[in-house]
Amino acid sequence: MTISGNARLAGVMGWPVGHSLSPRLHNYWLDLHGIDGAFVPLPVAPEHFAQALRILPRRGFRGVTVTVAHQAAALQAVDRVDEPARRIGAVNTIIMNEDCTLFGSNSDAYGFRAHLLASIAGYDTSSPAVVIGAGGAARAVAVALADMGAREIRIVNRTLARAEELALALGGAIRVVDWSGRGRALEDTGILVNTTTQGMSGQKPLDLDLATLDRRAVVYDIVYNPIETPLIRAARARGNPTVDGLGMLLHQAEAGFAAWFGVRPEVTEDLRAHVLAGLGGR
């Protein structure tokens, strides 16, 4: 489509940013809806991040999404944040207002929840959950599970202190499990979520034996490159329902696109296929 001088602008800020699928995702929606707009990659080094954020609205930008490299800094750089961003401790979506003020939000918890419920019919939201990892993604997943009503969330991480820090920050029905007890932690759980990079292309597979996991339990891996991780493959082989990480990426982008371009988009199979092609179909 033709982009005019009045095009609405948004982008993704990161360092690096070349790997991001966000331009492919958002520009698909722009073309689909015939919107005069563009979504562009914005490589910005950490030391220039706060300054760049303040310049962009003066250059016509409606907002940005930020990669992990800038999400903690974005929480401090914006003027206001929503409650999910405050609880998670990171901002992944920024809305730039006409007065150049910046509103930060975090849509990762929404993206996780929306994709889970769309993928697994009749999922029991109150069932105990196991979350592997204790980083920013684990925080978002734990917030989503808590808000869905999980009666217990077991955080399992190689570094126990990080898991304890997460549990202290979020409170509620979170229990920390030492890495050596990860197998026992799977007993009677309704969902297992991997939030680490283990299993990603170039990384070692997640070191986790599923023997104690109920075959009805959902296995959700937020990694999407490859789309079928060793964990997902092992879970499918034993009959567990599985959810890959691509849908979380797609759903978390909905709110930002709506705020920047004025249309609430839908996550469809055509969109998924288009974005997946950006990974070489993997």
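Residues numbered from 1 in each chain as written. Predicted model: local features only at pLDDT ≥ 70, side-chain atom pairs only at ≥ 80, totals over all residues. Heavy atoms only, no water.

1. Brief notes about the packing of aromatic side chains
1) Next: Inspection of every chain in the model, using the stated rule, returns five aromatic pairs.
2) Next: Summarising the aromatic geometry, the rings of Phe 39 and Trp 260 are spaced 6.0 Å apart at their centres and angled 35 degrees between planes, so their arrangement reads as tilted. Of this pair, Phe 39 sits in strand β2 (residues 37–43) while Trp 260 sits in helix α11 (residues 254–261), placing them 221 residues apart in sequence. For the residue pair Phe 39 and Trp 260, the accessibility class agrees, reading buried in each case. (Phe/Tyr/Trp six-rings, centres within 6.5 Å; stacked < 30°, edge-to-face > 60°. Helix = DSSP H or I, 4+ residues; strand = E, 2+ residues; numbered from the N terminus. Buried < 20%, exposed > 50% of the residue type's maximum accessible area, 1.4 Å probe, protein only.)

2. What about the pairing of strand β3 (residues 61–66)?
1) Next: Counting buried positions along β3 gives five out of six residues, so the element sits mostly inside the fold.
2) Next: In this sheet, β3 lies alongside strand β1 (residues 8–14) in parallel orientation, the contact comprising five bridges. Counted as the bridge partner of Met 13 is Val 66 from β3.
3) Next: Pairing between β3 and strand β5 (residues 93–96): three bridges, direction antiparallel. Across the sheet, Val 64 pairs through a bridge with Ile 94, a residue of β5. (Pairing = 2+ DSSP bridges.)

3. Re the nonpolar core
1) Next: In this structure, Phe 112, Leu 116, Tyr 123, Leu 145, Ile 155, Ile 191 and Tyr 220 are the most contacted members of the largest nonpolar core, which totals 32 residues.
2) Next: Counting residues per element, this core draws most heavily on helix α6 (residues 136–148), at eight residues.
3) Next: Listed in part, the 22 residues of the second largest apolar core include Tyr 28, Trp 29, Leu 30 and Trp 260. (Core = buried A, V, L, I, M, F, W, Y, C linked by side-chain atoms within 4.5 Å.)

4. A closer look at the sheet that holds strand β4 (residues 80–81)
Strand pairing in a sheet relies on backbone hydrogen bonds, with the paired strands running either antiparallel or parallel.
1) Next: Across the sheet, which stays open at both edges, the six strands sit in the order β2-β1-β3-β5-β6-β4 with mixed pairing between neighbours. Strand pairing shows two members of the sheet lacking a second neighbour, β2 and β4, which therefore form its edges.
2) Next: Relative to strand β6 (residues 102–105), β4 runs parallel, the two sharing two bridges. Bridging across to β6, Arg 80 finds its partner in Phe 103.
3) Next: Each of β1, β3, β4, β5 and β6 is contacted by helix α3 (residues 68–77), which is oriented at about 125 degrees to β3, the strand it contacts most. (Contact = heavy atoms within 4.5 Å. Axes fitted to C-alpha atoms, helices over the stretch in contact; angles between N-to-C directions.)

5. Description of the environment of Val 130
1) Next: Its location among the elements puts Val 130 in strand β7 (residues 129–132).
2) Next: Each C-alpha atom of the pair Val 130 and Gly 190 lies 8.3 Å from the other, and the pair is 60 residues apart in sequence.
3) Next: Once you skip the residues sitting within four places of it in the chain, Val 130 turns out to touch Arg 154, Val 156, Ala 185, Leu 186, Thr 189, Ile 191, Leu 192 and Val 193.

6. A word on the side chain of Asp 108
1) Next: Residue position: Asp 108 is located in helix α5 (residues 108–119).
2) Next: Contacts of Asp 108, omitting those with residues within four sequence positions, involve Gln 71, Asn 92, Ala 140, Met 248 and Gln 252.

7. What about the sheet that holds strand β11 (residues 218–221)?
1) Next: Spatially, six strands are ordered β9-β8-β7-β10-β11-β12 in an open sheet, and the strand pairing comes out parallel. In the strand order of this sheet, the two ends are held by β9 (174–178) and β12 (242–243), each with one partner.
2) Next: Sitting on the sheet, α5 is in contact with β10 (191–194), β11 and β12, with an inclination near 140 degrees to β11.
3) Next: On the sheet, helix α9 (residues 230–237) packs against β10, β11 and β12 and is oriented at approximately 165 degrees with respect to β11.

8. Remarks on the pairing of β1
1) Next: Of all seven residues in β1, five are buried, a share of seventy percent or more.
2) Next: Regarding topology, helix α1 (residues 22–33) serves as the crossover connection from β1 to the parallel β2, and that connection is right-handed. (Right-handed = clockwise from strand over helix to strand, strands pointing away.)

9. Some details on the packing of α5 against α6
1) Next: At a closest axis distance of 8 Å, the pairing of α5 and α6 adopts a crossing angle of 60 degrees. Classified by the angle between their axes, α5 and α6 sit oblique to one another. In terms of crossing hand, the pair formed by α5 and α6 is right-handed. Between α5 and α6, the contacting residues are Asp 108, Ala 109, Phe 112, Arg 113, Leu 116 and Leu 117 on the first element and Ala 140, Val 141, Val 143, Ala 144, Leu 145 and Met 148 on the second. (Parallel < 35°, antiparallel > 145°, perpendicular 65-115°, else oblique. Left-handed = near helix turned anticlockwise from the far one by under 90°.)

10. Thoughts on the packing of α1 against α11
1) Next: Orientation of α1 relative to α11, taken along the N-to-C sense of each, is 50 degrees, at an axis distance of 11 Å. Relative to α11, α1 is oriented oblique. As α1 runs across α11, the sense of the crossing is right-handed. Residue-level inspection shows His 26, Trp 29 and Leu 30 of α1 in contact with α11, the latter providing Glu 254, Phe 257, Trp 260 and Phe 261.

11. Some thoughts on the pattern of salt bridges
1) Next: Per the counting criterion, the structure on display carries 12 salt bridges.
2) Next: In this structure, Arg 139 engages Glu 165 in a salt bridge whose closest nitrogen and oxygen atoms are separated by 3.8 Å. In this pair, Arg 139 sits in helix α6 while Glu 165 sits in helix α7 (residues 160–170), placing the two residues 26 residues apart along the sequence.
3) Next: You can call Arg 139 buried: its relative accessible area is 16%.
4) Next: Arg 154 is the salt-bridge partner of Glu 152, the closest N and O atoms lying 2.7 Å from each other.
5) Next: Take Arg 154: its relative accessible area is 5%, and that puts it in the buried class. (Salt bridge = Lys/Arg side-chain N within 4 Å of Asp/Glu carboxyl O.)

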